[in-house]
Amino acid sequence: MPPVDRTRHLAPVHLRSIELRRIALPLVSPFRTSFGTETARDILLVRVEADGPTGLVEGWGECTAGNDPLYSSEYVAGCQHVIEHHLAPRLLAGGPIAGGDVSVVLEQVKDHRMSKGALEAAVLNAQLAANDVSLAEFFGSARERVPSGVSVGIMDSIDQLVKVVGGYLDDGYARIKLKIEPGWDIEPVGTIRRAFGDHVPLQVDANTAYTRDDGPHLARLDEFDLLLIEQPLPEDDVTGHAIIARQVGTPICLDESIVSAKAAIDAIERGACSIVNIKAGRVGGYLEALDVHDVCAERGVPVWCGGMLETGIGRAMNVALAALPNFTLTGDVSASERFWARDVVADPIRIVDGEVAVPSGGGFVVDRAFLDSVTTGNTVLRSS
Ligand code: SMG
Ligand code: MG
């Protein structure tokens, strides 16, 4: 299947500069997964300035890499390095550029998908601004609101988990995802199911914490009628997931393993998953994410939008993505207040009746004064 260039019909922009801005934001509460505990995020934002057909435009992108290389091999300082030394120079050396050109220009550099995705988002947003096209319109978002799910970390005790989940249900969240790991699975999940009832949409995420031998153990989760089990095994073990999928009644969903549309096709055809979590950063950008959406839709595999503890910048883009037709399962598109006391955008994501609004226009408005107050570093690269 030849890749479709989804931005070809829009006028390209001419990049003037790429700004790499590092910000520090504390989380409202620690977030523990099988990878470790996070209490604050060190986030890399990309801002481009570009000339469009009607003048100067800017575009923002958010890098989804974590502080440390735990979720994937990428991490924020490494992303800044590869962007500064390998990716940005390639983009700044060229002539006019469209969002769809970014992955082509950067193709020679292997992997580094989160870094490439942040750059692509910034160029794409600048190009959309230059063409006065909204993000939702460009993505082909089919709805004005999408249901909002919340991801709940591993807690110190089951009592604490019950309290936290109860709070999110009171907030109106439409679906609960519990992080699991060996030693924190059957009992907490069963307790939540019994405490809040069978009607609560519930799923779990193992973040690669199990082994190929754990199929019979994971099958014990079947009795809790979960929507899915996300990424039980390491990301490179597609065959292992196919083995587990045959032993467990609950659908297997892949997250870390799906690094491209090609990887999604492979995993689906090998029977490793029947549901896919789509994260733009993990697959190298929103354009590849649209391709993942399409290849899954063609194969009858439902998808949902994952999250990487983004600020309102990345989150607004995720919400627009989550409004595409094959996003039939509730995503990790929780409100800004789930992670942040104050977001870096003037229009934070809010949950109303269990849903979040698909953003209009450019998707978000950056709160420059607040952003400046949390900035820890700034590097501007210019075209020579
Ligand atoms: O952004 O709401 C969010 C967090 C959702 O659980 C979440 N993300 O594997 O799906 C996942 C995790 C990855 C981030 S923590 C390592
Ligand atoms: Mg996950």
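Scroll up a little and you will see the structure.
Everything numeric here is computed off the predicted structure, so don't read it as measured data. (Residues numbered from 1 in each chain as written. Chains lettered and ligands numbered in written order. Predicted model: local features only at pLDDT ≥ 70, side-chain atom pairs only at ≥ 80, totals over all residues. Heavy atoms only, no water.)

S.K.: In this structure, what is going on with the overall build of the chain? I would like to understand it.
M.R.: What the chain contains, in helices and strands, is 13 helices and 13 strands. The globule rule puts the C-alpha radius of gyration for 384 residues at 21 Å, and the 20 Å found for the chain is close to it. With respect to the three principal axes, the spread of C-alpha positions in the chain is 60 × 45 × 35 Å. Across the chain, every contact between residues at least 6 apart in sequence was considered, and the portion connecting residues at least 24 apart equals 74%. Accessible surface for the chain amounts to roughly 15,100 Å². Of this, 50% is attributable to carbon and sulfur atoms. (Helix = DSSP H or I, 4+ residues; strand = E, 2+ residues; numbered from the N terminus. Rg over C-alpha atoms; globule rule 2.2 N^0.38 Å. Contact = heavy atoms within 4.5 Å. Areas by Shrake-Rupley, 256 points an atom, 1.4 Å probe, with all protein chains shown as cover.)

S.K.: Help me understand the side chain of Arg-315, please; the structure alone is not making it clear to me.
M.R.: With respect to the helices and strands, the residue Arg-315 is situated in helix H12 (residues 312-322). On the accessibility criterion, Arg-315 (4% relative accessible area) is buried. When sequence neighbours within four positions are dropped, the list of residues in contact with Arg-315 reads Gly-307, Met-308, Leu-309, Glu-310, Asp-332, Val-333, Ser-334, Phe-339 and Ile-349. (Buried < 20%, exposed > 50% of the residue type's maximum accessible area, 1.4 Å probe, protein only.)

S.K.: How do you make sense of the sheet that holds strand E11 (residues 303-305) when you look at a structure like this?
M.R.: Pairing between sheet strands relies on hydrogen bonds along the backbone, with the strands arranged either parallel or antiparallel. Pairing within the open sheet is parallel, and its 7 strands lie in the order E5-E6-E7-E8-E9-E10-E11. The open sheet has two edge strands, strand E5 (149-152) and E11, and neither has a second partner. As defined by bridge partners, strand E8 (residues 229-230) adjoins strand E9 (residues 252-254) across 2 bridges and the pair is classed as parallel. Residue pairing across strands places Ile-229 opposite Ile-252, the latter belonging to E9. Most of the contacts of helix H6 (residues 186-196) go to strand E7 (residues 202-205), to which it runs at about 165°, and overall it touches strand E6 (175-179) and E7. Together, strand E10 (275-278) and E11 form the strand contacts of helix H11 (residues 286-298), whose direction differs from that of E10 by roughly 170°. (Pairing = 2+ DSSP bridges. Axes fitted to C-alpha atoms, helices over the stretch in contact; angles between N-to-C directions.)

S.K.: Would you mind going over the environment of Arg-338 with me for this structure?
M.R.: Along the chain, Arg-338 turns up in the loop between H12 and strand E12 (355-357). Discounting chain neighbours no more than four positions away, the residues touching Arg-338 are Val-28, Ser-29, Phe-31, Val-150, Ser-151, Val-152, Gly-153, Tyr-168 and Tyr-173. Side-chain polar atoms of Arg-338 contact the backbone oxygen of Ser-151, separated by 2.7 Å. (Polar contact = N/O pair within 3.5 Å; in protein donor to acceptor, adjacent residues only side chain to side chain.)

S.K.: Please clarify how the site of ligand 1 should be interpreted in this entry.
M.R.: Near ligand 1 you find 20 residues, and of these Ser-151, Lys-177, Asn-207, Leu-309 and Arg-315 are the closest. Here an oxygen atom of ligand 1 sits 2.7 Å away from a polar atom, N or O, in the side chain of Ser-151. Asp-255 is positioned with one of its side-chain polar atoms (N or O) 3.0 Å from an oxygen atom of ligand 1. Expressed as a share of its isolated accessible area of 440 Å², the protein-covered part of ligand 1 is 97%. Contributions of two or more residues to the shell around ligand 1 are made by strand E1 (14-33) and E6. Residues belonging to the shell around ligand 1 are distributed by class as follows: 6 nonpolar, 5 polar and 9 charged. (Near = heavy atom within 4 Å. Nonpolar A, V, L, I, M, F, W, Y, C, P; charged D, E, K, R; others polar.)

S.K.: It is not clear to me how helix H5 (residues 158-171) should be interpreted in this structure. Could you clarify?
M.R.: Between its terminal C-alpha atoms H5 stretches 20 Å, which fits the 20 Å expected from 14 residues at 1.5 Å a residue. Restricting attention to buried positions, one finds in H5 the residues Ile-158, Leu-161, Val-165, Gly-166 and Tyr-168. Buried residues in H5, looked at end-on, bunch into an arc of 165°, giving them a common side. Residues of H5 that are exposed and point over 90 degrees away from its buried face: Asp-159, Lys-163 and Asp-170. In the core, the buried residues of H5 are packed alongside E5, E6 and H6. In the stretch just after H5, Gly-172 is the one whose phi turns positive, near 105°. (Expected span 1.5 Å × (residues − 1). Arc of directions from axis to C-beta.)

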